[in-house]
Amino acid sequence: MANIGGQVLESHKIIFHEDEPPPEGLNHNLALHIMVQFEDKFIAIVLIDGGSSLNICPLDTLKRLGKGFHEIRARSINVKAFDGSQRATIGEINLCLQMGPTWFDVEFQVLDISASYNLLLGRPWIYVAEAVASTLHQAMKFE
């Protein structure tokens, strides 16, 4: 069984090369942000966070995308923030986002928060997309 696993890993290898560092070099402490497209709008400062168990959409971002409260599905869950505080979500919404040549239907929890990002893509999206994110290289690769 281990041999078969090794063959699968070998044939589907994702590698970040030494010649791919960000302009800042490898001596940085940057979070990984990408740009995505929603309909005819581009959304910058999309945080990729493998430490988050949710995909988060701040209410302000949703409003800028032209989405209204009537499009949010009621589902309130408590979310624990980085500082340990808790708050309830407004609900959830699905947004179809383009990243590179691929479109993803992403379920977001909507929060009325002031955030340093426009969207947060956490483990739910990372796993579905089969993405490998490298904050060191400031890049994301897909199988």
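Keep in mind that this is a model prediction, so the values were computed, not measured.

Draft legend 1. Structural view of the overall build of the chain. Looking only at helices and strands, one finds three helices and 10 strands in the chain. Contacts in the chain between residues far apart in sequence, at least 24 positions, make up 57% of those at least 6 positions apart. For the chain, the accessible surface area stands at approximately 8,900 Å², while carbon and sulfur atoms represent 53% of it.

Draft legend 2. Broad picture of unusual backbone geometry. Even without being a glycine, Glu-39 presents a positive backbone phi close to 50 degrees. By secondary structure assignment, the location of Glu-39 is in the loop between strand 1 (32-38) and strand 2 (41-48). Unlike most non-glycine residues, Glu-130 shows phi in positive territory, near 55 degrees. Of note, Glu-130 is situated in the loop between helix 3 (123-129) and strand 9 (131-134).

Draft legend 3. Structural view of the nonpolar core. Of all hydrophobic cores here, the largest spans 27 residues; its most connected members are Leu-95, Leu-97, Phe-108, Leu-119, Leu-121 and Trp-125. Of all the secondary-structure elements, those providing two or more residues to this core are strand 1, strand 2, helix 2 (59-64), strand 6 (91-99), strand 7 (102-111), strand 8 (119-121) and helix 3. Apart from the residues lying within four places of it in its own chain, the contact partners of Leu-119 are Val-36, Ile-43, Ile-45, Val-46, Leu-47, Ile-56, Cys-57, Pro-58, Thr-61, Leu-95, Leu-97 and Phe-108. One finds Leu-47, Ile-56, Ile-113 and Tyr-117 within the second-largest nonpolar core, a separate group that totals eight residues.

Draft legend 4. Layout of the side chain of Asn-118. The topology assignment puts Asn-118 in the loop between strand 7 and strand 8. The exposure class assigned to Asn-118 is buried, which follows from its relative accessible area of 17%. When residues no more than four places from it in sequence are discounted, the contact partners of Asn-118 are Ile-43, Ala-44, Ile-45, Pro-58, Thr-61 and Arg-64.

Draft legend 5. Here's a closer look at the side chain of Thr-89. Along the polypeptide, Thr-89 turns up in the loop between strand 5 (86-88) and strand 6. Within the local environment of Thr-89, its side chain forms a polar contact with the backbone oxygen of Arg-75, the two atoms lying 3.1 Å apart.

Draft legend 6. Seen up close, the layout of surface pockets. Of the voids in this model, the largest pocket is the one considered here, and its volume is about 470 Å³. Every residue lining the largest pocket is counted, 20 residues in all, and those nearest its centre are Val-79, Lys-80, Ala-81, Phe-82 and Tyr-117. Here the residues of the lining of the largest pocket sort into 11 nonpolar, six polar and three charged.

Draft legend 7. How the structure looks around the environment of Ala-44. Of note, Ala-44 is situated in strand 2. For Ala-44, a relative accessible area of 32% puts it in the partly exposed group. Along the sequence, Ala-44 and Leu-119 sit 75 residues apart, while their C-alpha atoms lie 8.6 Å from each other. Ignoring any residue separated from it by four or fewer positions in sequence, one finds Ala-44 in contact with Ile-34, Met-35 and Asn-118.

Draft legend 8. Broad picture of the pairing of strand 1. For strand 1, a buried count of five out of seven residues is recorded, marking the element as mostly surrounded by other parts of the structure. Here strand 1 pairs with strand 2 via six bridges, running antiparallel. Note that in strand 2 the partner of Val-36 across the bridge is Ile-43. Here strand 1 folds back onto strand 2 in antiparallel fashion, the turn holding two residues, of which Glu-39 has a positive phi close to 50 degrees. Sheet analysis places strand 1 next to strand 6, joined by two bridges and oriented antiparallel.

Reading the values: rules and limits
Residues numbered from 1 in each chain as written. Predicted model: local features only at pLDDT ≥ 70, side-chain atom pairs only at ≥ 80, totals over all residues. Heavy atoms only, no water. Helix = DSSP H or I, 4+ residues; strand = E, 2+ residues; numbered from the N terminus. Contact = heavy atoms within 4.5 Å. Areas by Shrake-Rupley, 256 points an atom, 1.4 Å probe, with all protein chains shown as cover. Core = buried A, V, L, I, M, F, W, Y, C linked by side-chain atoms within 4.5 Å. Buried < 20%, exposed > 50% of the residue type's maximum accessible area, 1.4 Å probe, protein only. Polar contact = N/O pair within 3.5 Å; in protein donor to acceptor, adjacent residues only side chain to side chain. 1 Å grid on protein atoms, 1.4 Å probe; cavity = no way out; pocket = protein on both sides within 12 Å on 5 of 7 lines; lining within 4 Å. Points joined across faces, edges and corners; volume = space filled by probe spheres on them. Nonpolar A, V, L, I, M, F, W, Y, C, P; charged D, E, K, R; others polar. Pairing = 2+ DSSP bridges.

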